[in-house]
Amino acid sequence: MPFLSGMFVGLAIGIGLIAAFARYEKIRSSRRVHLAKTVASFARMTVQDSRKILPNEFYPPWLTWLNLQLEKVWPYVNEAASELIRTNVEPILEQYTPAILSSMKFAKLTLGTVAPQFTGVSIIEGESDAGRVTMEFELQWDGNPSIVLNINTRLGVSLPVQVKNIGFTGVFRLIFKPLVDQFPCFGAVCYSLREKKYLDFTLKVVGGDISTIPGISDAVEDTIRNAIEDSITWPVRKIVPILPGDYSDLELKPVGTLEVKLVQAKDLANKDIVGKSDPFAVVFVRPLRDKMKTSKTINNQLNPIWNEHFEFIVEDVSTQHLTVRVYDDEGVQAAELIGCAQVALKDLEPGKVKDIWLKLVKDLEVQRDTKDRGQVANETLNPVWNQSFDFVVEDALHEMIIFGVWDHDIFKKDKIGRCIMTLTRVLLEGEVQDSFELDGAKSGKLLLHLKWSPQLLFRDA
């Protein structure tokens, strides 16, 4: 009898513990769902929404004041900046004009009526000393500029190309140096685009479609991006003298030479259906056409050995990186990215050789080619890919994923449409399988299966 009563009590306690645990898990799951919904709601908030619910001390009034003042002076800034951009960028456009074009010049350039918005201001303590003050301004701009390029092709065709739908987010650096005892208390201002976080735009031939001319759209877009990179992106800087004096010490100057030996790669991803990839590497410190080095192509090999030497001029050890991109040579078609890697120059010791194995990733932010390209489905309007891609996401609440669909021909590719979405839904639900309309297309949907795999990052207190 005691045995039976003990067993009964034990079973009752066990069942009670299981029921309590199940209830706890249900409550915990419910709380996590409510938390995820709350997080998703915050992710959809605009700046105006945050101002309504956050106390004033959490949103600096001087930042609002700064944006109001910028809106007031924007018509004058627009006029001055438009001329400055024309003067500085047009020669660089000519320098980077691709072989299929004979010239590229501005026919019209105004920045429009919408002023950028300051979203953050900081003083760089480590670079602000007794002789200078360094500040960084984060700007966001979804403007309505009027920019028209006159483009002449080698075939004698003249095209007026309009640059539209510009979206930009970046960090500008201002250096006030030297500090003097004469108003305005600094001799010159040095400015540069410290970080280009986001830049997107569309191209349209006035009265036509630029995609009807093979290669023109990609060539013009690459030229514009190269011009921005070469004209204003850090460590390139522009100097505006305020007081008379010699400011040559602010100019961009080499501080050293980086010697690189590209040795080999192992276990590369195979991008070819038949045979193996034909890998080659592109190595650079600054992503400019004349400063990037390309290795030889090793055919039909996933463990290529190059043993090639390159040299690069370094201008700023503290911020510059060595970037390596490995591609699969596709012959007449565009090369397909296998992976990329990066080394911060500040982690290298001057005068000493360092052997490094680099892990190739798909979405290195600095090289701005975070695209995974699917296989081409020939001669069909109902393609089936069944391909999987992995992306490392650092800020799931604010990042977006873009799916682009193209018509691939031998000598050109035409954009069919694209689908842009936030990660909020898959972050909330964990896994999503649904059809999504293609923007910019007359018809068509994409069937997507998205799965979110969180990875916890533990940081030191």
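Focus: the pattern of salt bridges
According to the stated counting rule, one finds nine salt bridges in the structure shown. For Arg173, the salt bridge goes to Glu136, with nearest N and O atoms at 2.7 Å. Taken together, the residues span a long stretch of sequence, with Arg173 in strand β5 (residues 158-179) and Glu136 in strand β3 (residues 133-142) at a distance of 37 residues. A single burial state applies to Arg173 and to Glu136, both of which are buried. For Lys445, the salt bridge is made with Glu437, and the minimal N-O distance between the two is 3.8 Å. Three or more residues joined by partner-sharing salt bridges are found here, namely Glu136, Arg173 and Arg194.

Some thoughts on the environment of Asn300
Mapped onto the elements, Asn300 comes out in the loop between β10 (293-294) and β11 (305-314). According to the relative accessible area criterion, Asn300 is partly exposed, its value standing at 45%. A polar contact of 2.8 Å, which involves the side chain of Asn300, links it to the backbone nitrogen of Lys276.

Re the side chain of Gln320
Along the polypeptide, Gln320 turns up in the loop between β11 and β12 (321-328). Of the polar contacts made by the side chain of Gln320, one reaches the backbone nitrogen of Glu315; its length is 2.9 Å. With residues near it in sequence (within four places) discarded, Gln320 still touches Pro235, Val285, Arg286, Val314, Glu315, Ala344 and Leu345.

Looking at the sheet that holds β10
Pairing is antiparallel in the open sheet, where four strands are placed in the order β10-β9-β12-β13. Of all the strands in the sheet, the pair left with one neighbour each is β10 and β13 (336-344). Across six bridges, strand β9 (residues 279-284) lies against β12 in antiparallel orientation. Bridge pairing links Phe280 to Tyr327 in β12.

Some thoughts on the confidence of the model for the chain
On average, residues of the chain carry a pLDDT of 78, and 78% of them reach 70 or more. Overall, residues 365-370 carries pLDDT values under 50, and its contacts beyond four positions in sequence, including any with other chains, amount to 18 contacts.

Some remarks on the nonpolar core
In this structure, Leu149, Ile151, Val163 and Val220 are the most contacted members of the largest nonpolar core, which totals 40 residues. Listed by contribution, the elements that provide at least two residues to this core are α3 (61-95), β1 (101-110), β3, β4 (146-153), β5, β6 (186-205) and α4 (216-231). When sequence neighbours within four positions are dropped, the list of residues in contact with Leu149 reads Leu93, Met104, Lys105, Phe106, Ala107, Leu159, Pro160, Val161, Val163, Val220 and Ile224. Of all hydrophobic cores here, the second largest spans 20 residues; its members include Leu258, Ile298, Leu302 and Phe310.

Comments concerning the environment of Arg86
Of note, Arg86 is situated in helix α3. Distance from Arg86 to Thr110, taken between C-alpha atoms, is 9.6 Å for residues 24 residues apart in sequence. In contact with Arg86, other than residues within four places in its own chain, are Pro91, Phe106, Lys108 and Leu109. Polar contacts involving the side chain of Arg86 include one to the main-chain carbonyl oxygen of Phe106, which spans 3.4 Å.

Cut-offs applied
- Residue indices begin from 1 for each chain and proceed along its sequence in written order.
- Local features in a predicted model are, by the rule used here, given only for residues with pLDDT of at least 70; side-chain atom pairs are given and counted only at 80 or more, and totals for whole chains, interfaces and linings are based on all residues.
- With hydrogens and water set aside, each side-chain value is computed from the structure's full complement of heavy atoms.
- The salt bridge definition used is simple: a Lys or Arg side-chain nitrogen within 4 Å of an Asp or Glu carboxyl oxygen.
- Comment: elements are numbered from the N terminus, with helices defined as DSSP H or I runs of at least four residues and strands as E runs of at least two.
- Between buried and exposed lies partly exposed: a residue is buried under 20% and exposed over 50% of the maximum accessible area for its type, with that area taken using a 1.4 Å probe on protein chains only.
- Any pair of nitrogen or oxygen atoms within 3.5 Å is treated as a polar contact; in protein, a donor-acceptor pairing is required on top of that, and neighbouring residues in sequence qualify only through side-chain atoms on both sides.
- Between two residues, a contact is recorded if the distance between any of their heavy atoms is within 4.5 Å.
- Pairing between strands is defined by DSSP: at least two bridges between the two strands are required.
- By definition, pLDDT measures how confident the predictor is in each residue, and it falls between 0 and 100.
- Within this scheme, the nonpolar core is defined by two criteria: the residues are buried Ala, Val, Leu, Ile, Met, Phe, Trp, Tyr or Cys, and they are joined through side-chain atoms within 4.5 Å.

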